[in-house]
Amino acid sequence: MFEIEIDRAACDGIFACLTRDERFVEDEMGLATIDADAAGVVEVARDDEKDRVVATVEGDIEDANLAARACPPGAITVREGET
Ligand code: SF4
């Protein structure tokens with residue numbers, strides 16, 4: 001189990017993440033979020049006050065790490081072994 005956190009205040013909507021990890025999707029605000037229905041996604045919590053999305057995910061962490069490394073403003077944090 002691991003967590004993916006997206007800092008939506010930093011997200012620029014260019015979507016380098018979408019091509020690295022299919023769990024990332026564009027939401028109605030034109031920013032990145034995590035698809036709650038994607039395989040392995042246990043929970044997606046969106047906190048609009050803090051401009052954050054935190055997803056709890058089971059399974060392959062490598063694509064999430066690729067997305068985090070590809071994100072130009074560093075808006076993605078992957079935390080292994082959380083929850
Ligand atoms: S790559 Fe980073 S900045 Fe670009 S859409 Fe994804 S999370 Fe946002």
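These numbers come from a predicted model, not from an experiment.

S.K.: Where do I start with the site of the ligand in this structure?
M.R.: Taken together, the residues surrounding the ligand are Cys11, Asp12, Gly13, Ile14, Phe15, Ala16, Cys17, Ala32, Cys71, Pro73 and Ile76. More than half of the atoms belonging to the ligand lie within 2 Å of the grid points that define the largest cavity. Looking at the shell around the ligand residue by residue, the classes come out as 9 nonpolar, 1 polar and 1 charged.

S.K.: Please explain the environment of Arg20 as it appears in this structure.
M.R.: Looking at where Arg20 falls in the secondary structure, it is placed in the loop between strand S1 (2-7) and strand S2 (24-26). Taking the C-alpha atoms as reference points, Arg20 and Asn65, separated by 45 residues in sequence, lie 8.8 Å from one another. Non-local contacts of Arg20, meaning those with residues more than four positions away in its chain, are made with Asp63, Leu66, Ala67 and Ala70. For Arg20, the side chain forms a polar contact with the main-chain oxygen of Ala16, separated by 3.2 Å. Polar contacts involving the side chain of Arg20 include one to the side chain of Thr19, which spans 3.2 Å.

Reading the values: rules and limits
- Residues numbered from 1 in each chain as written.
- Predicted model: local features only at pLDDT ≥ 70, side-chain atom pairs only at ≥ 80, totals over all residues.
- Heavy atoms only, no water.
- Near = heavy atom within 4 Å.
- 1 Å grid on protein atoms, 1.4 Å probe; cavity = no way out; pocket = protein on both sides within 12 Å on 5 of 7 lines; lining within 4 Å.
- Sits in = over half its atoms within 2 Å of the grid points.
- Nonpolar A, V, L, I, M, F, W, Y, C, P; charged D, E, K, R; others polar.
- Helix = DSSP H or I, 4+ residues; strand = E, 2+ residues; numbered from the N terminus.
- Contact = heavy atoms within 4.5 Å.
- Polar contact = N/O pair within 3.5 Å; in protein donor to acceptor, adjacent residues only side chain to side chain.

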